[in-house]
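One-letter residues, chain by chain:
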Amino acid sequence: MSLILPLLLAAYLIGSIPFAVVVSRAMGLSDPRSFGSGNPGATNVLRSGNKTAALLTLLGDAAKGGLVVWAARAFAPELKLDGTALALIAVAVFLGHVFSVFLRGKGGKGVATAAGVLLGINPLLGGAVLLVWLATALISRYSSAAAVTAAIAAPALTRWITGSEYWTVGVMAMVTVLIWRHKDNIRRLLKGEESKIGSKKVAAP
Ligand code: G3P
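Residues numbered from 1 in each chain as written. Predicted model: local features only at pLDDT ≥ 70, side-chain atom pairs only at ≥ 80, totals over all residues. Heavy atoms only, no water.

Quick notes on the site of the ligand
Stage number 1. Lining the immediate surroundings of the ligand are Ser37, Asn39, Thr43, Asn44, Arg47, Lys109, Val111, Ser143, Ser144, Ala147, His182 and Asn185.
Stage number 2. Take Ser37: an N or O atom from its side chain is 2.5 Å from an oxygen atom of the ligand.
Stage number 3. The side chain of Arg47 places a nitrogen or oxygen atom 2.7 Å from an oxygen atom of the ligand.
Stage number 4. For the ligand, whose unbound accessible area comes to 310 Å², protein coverage reaches 95%.
Stage number 5. Taken together, the elements giving at least two residues each to the shell around the ligand come down to helix H3 (42-46) and helix H9 (143-162).
Stage number 6. If you tally residues by element for the shell around the ligand, the top one is H9, at 3 residues.
Stage number 7. Considering only residue class, the shell around the ligand consists of 2 nonpolar, 8 polar and 2 charged. (Near = heavy atom within 4 Å. Polar contact = N/O pair within 3.5 Å; in protein donor to acceptor, adjacent residues only side chain to side chain. Areas by Shrake-Rupley, 256 points an atom, 1.4 Å probe, with all protein chains shown as cover. Helix = DSSP H or I, 4+ residues; strand = E, 2+ residues; numbered from the N terminus. Nonpolar A, V, L, I, M, F, W, Y, C, P; charged D, E, K, R; others polar.)

This is the structure we're talking about:
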């Protein structure tokens, strides 16, 4: 019997763990869906003013993506997973974060989880995309602009660094959803209304 369906479900469920909400609740902070952009992600948790909570959210959301992809790759021979199955598992953990079953389908924008997935595919690839994010963030001070720029660069970097078509197609699918999830940020960026990294907490729109 093929293991792919249970593995996709497991990846989706792990991806669904909303670290922004879990960490904020555990640390007695406001739910990140109630302030700032309303997004359950590290950038918005940072708007609470608690850097530790933001860092833990970032690490948790990245780790779930990275660990799932790393484990799938490590056990691919035993589980008889081909390239297509691995790419589907990577997309499934990402989609779990974006359409979290624990948040009734309303998850985050997927940046940290996508970074974890890319690191799990290939640390050099993850590092290269993170460098694009960092350079854009340092220049613009906008987390969303950095995420969209890094997402645009990711498929070409995936093709170049891994040489693999299935990872490239998987990453293209992932960044398409990620950019779509940033449509309100893009609108705010164009209007000059986007808040910069570390800006203060205001009620969610
Ligand atoms: O990690 C998500 C980031 O790109 C944008 O977050 O809260 O400003 O919408 P936010």
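Comments concerning the pattern of salt bridges
Stage number 1. Applying the stated criterion across every chain, the model contains 5 salt bridges.
Stage number 2. Of the charged contacts in the structure, one is a salt bridge between Asp61 and Lys64, with a shortest N-O distance of 3.3 Å. Within this pair, Asp61 and its partner Lys64 are both found in helix H4 (residues 51-74), separated by 3 residues, close to a single helical turn.
Stage number 3. When its relative accessible area of 5% is taken as the criterion, Lys64 is described as buried.
Stage number 4. As a salt-bridge pair, Arg187 and Asp184 come within 2.9 Å of each other at their nearest N and O atoms. Of this pair, Arg187 and Asp184 both sit in helix H11 (residues 183-191), separated by 3 residues, roughly a single helical turn.
Stage number 5. A relative accessible area of 46% means that Arg187 is categorised as partly exposed. (Salt bridge = Lys/Arg side-chain N within 4 Å of Asp/Glu carboxyl O. Buried < 20%, exposed > 50% of the residue type's maximum accessible area, 1.4 Å probe, protein only.)

Comments concerning the packing of aromatic side chains
Stage number 1. Throughout the structure, instances matching the rule amount to 2 aromatic pairs.
Stage number 2. With 5.6 Å between their ring centres and 50° between their planes, Tyr166 and Trp167 make a pair best called tilted.
Stage number 3. Judged by its relative accessible area of 7%, Trp167 is buried.
Stage number 4. A cation over an aromatic ring shows up here: Arg181 above the ring of Phe99, its NZ or CZ 6.0 Å from the ring centre.
Stage number 5. If you follow Lys196 out to its NZ or CZ, it ends over the ring of Tyr142, 5.0 Å from the centre. (Phe/Tyr/Trp six-rings, centres within 6.5 Å; stacked < 30°, edge-to-face > 60°. Lys NZ or Arg CZ within 6 Å of the ring centre and 35° of its normal.)

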